[in-house]
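Residue strings, one per chain:
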Amino acid sequence: MNALVSGYQPFPFLLDRGVGDRVYDTSGKSWFDYYGGHCVALTGHSHPTVVAAISAQASRLLFYSTAGELAIRDQAADALAEFAQGAGVSRVFFVNSGAEANENALKLALKLSGRKRLLSFEGGWHGRTLLALSVTDDPSISAPYENQLADVQRLPFADLEALETVPWSEFAAVIVEPIQSMAGIRTAPAAWFKRVAQLARAHGCFLICDEIQTGMGRLGSPFGAQLMGIQPDFITLAKGLASGVPMGAVLMSDAIGSSLAPGDLGSTFGGGPLACAALLATLQVIADENLVERAAALGARLKQELPGPWVQHVRGEGLLLGLQTSQQAARLRAHLYARGMLSGAAVDPWLLRLMPPLNLSEAAVTAMIEACATLEAA
Ligand SMILES: Cc1ncc(COP(=O)(O)O)c(C=O)c1O
């Protein structure tokens, strides 16, 4: 009997362990993890600093809710706010996942604005809870819940003119990813993001940057918002925030944080001590190993060296990359798999996604460059 209800088609092997940028199956065979456990293994698998921090915290106090004040929770929030300096957000509320982070940011925007409508973009992916699903452009998962979804207007992504066609003062919030990952590493020029931010600010519409995939240095900048030159009201985080210990966060401006009353937000597990220890260790590793700069440098190298007969073009920034292929990307994915590399598919069958640990090794980079060069165009 197999009792497990599974969400995705798994890799064709039994996963056993992970070390740095590699995962191993039960027979001892290893793969460089360019999939990153779905963009989660920010500091690599089982980084010793993260493991030591969570083991020490587990023996001291495994869990207590926010009813118990904890020094490590305050330290984690302060350290994250410091990392986000320059993105315009200085207050932190901890949750457990990306959908929960977006759900809370959207709810707060509805409550604080008193408005009922939301604005999002084609190709946007924000999670599976009902408000997050409402702003997600994926009918394959949202259609069965059509009657329960919020009132959302969806605009084409990266289209400057379309921004001028909607009544901004009717929207509580606009939600946007600095790079749309699920839709196939779709980017937009900084000028487009700046216009979104300008229109939102001018009309009292909160700007939510979903940085669940793009945040924590992955793009070669602490957050994508900085790369695009915008200061959102909210930044939502999850995925690699605590190196794989489940954690999400809603970062918000001081004005928003100060306007909240006790009880406005809540989460039993959010900000638990184990996750906070993992977050502090993650930030430590990012600083010690210069991971933000490393993501920028490795991304630039891969963008320059991967194009050839198979990879026509590489989209994205830092270590969130989309390989535009000249044939079905599934063939390149199978070739990489056979040469010991995991990668991510996208909705676009001509695109392969790379979202590896930021401390990706030289050996992994060389293996990827060689593999892309050796697959002949058929
Ligand atoms: C951009 C983005 N936002 C939100 C989510 C939802 O995160 P979670 O699966 O942790 O709820 C995802 C998940 O893939 C995502 O990629």
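Just so you know, these numbers come straight off a predicted model, no measurement behind them. (Residues numbered from 1 in each chain as written. Predicted model: local features only at pLDDT ≥ 70, side-chain atom pairs only at ≥ 80, totals over all residues.)

S.K.: Please explain the site of the ligand as it appears in this structure.
M.R.: Contacts to the ligand come from 14 residues, most closely from Ser97, Gly98, Ala99, Gly127 and Ile212. A per-element tally of the shell around the ligand places helix α4 (residues 98-113) first, with three residues. Of the residues in the shell around the ligand, the class split is five nonpolar, seven polar and two charged. (Near = placed C-beta within 6 Å. Helix = DSSP H or I, 4+ residues; strand = E, 2+ residues; numbered from the N terminus. Nonpolar A, V, L, I, M, F, W, Y, C, P; charged D, E, K, R; others polar.)

S.K.: Explanation requested: the nonpolar core in the structure shown.
M.R.: Across soluble globular proteins, you tend to see nonpolar side chains buried next to one another. Core analysis: the biggest nonpolar cluster contains 118 residues, and Ala173, Ala249, Ala278 and Leu279 have the highest contact counts within it. Of the residues forming this core, the biggest block, eleven residues, is contributed by helix α11 (residues 273-288). Counting the residues that make up this core, at least three belong to each of domain 1 (15-43 + 290-374) and domain 2 (49-288). With near-sequence residues (within four places) excluded, alanine 173 lies in contact with Leu106, Ala109, Leu118, Cys205, Phe206 and Ile208. (Core = buried A, V, L, I, M, F, W, Y, C linked by C-beta atoms within 7 Å. Buried ≥ 20, exposed ≤ 12 C-beta atoms within 10 Å, placed from the backbone. Domains from an automatic or database assignment. Contact = placed C-beta atoms within 7 Å.)

S.K.: What's the story with unusual backbone geometry in this structure? I'm lost.
M.R.: Most peptide bonds take the trans configuration, and most residues that are not glycine carry a negative phi. Of note in this structure, serine 46 is not a glycine but carries a positive phi near 50 degrees. Within the fold, serine 46 resides in the loop between α1 (36-39) and α2 (48-60). Judged by the 14 C-beta atoms lying within 10 Å of it, serine 46 is partly exposed. Its identity as a non-glycine residue notwithstanding, serine 243 has a phi of 60 degrees, on the positive side. For serine 243, the location among the structural elements is in the loop between β9 (234-237) and β10 (248-252). We classify serine 243 as buried; it has 29 C-beta atoms within 10 Å.

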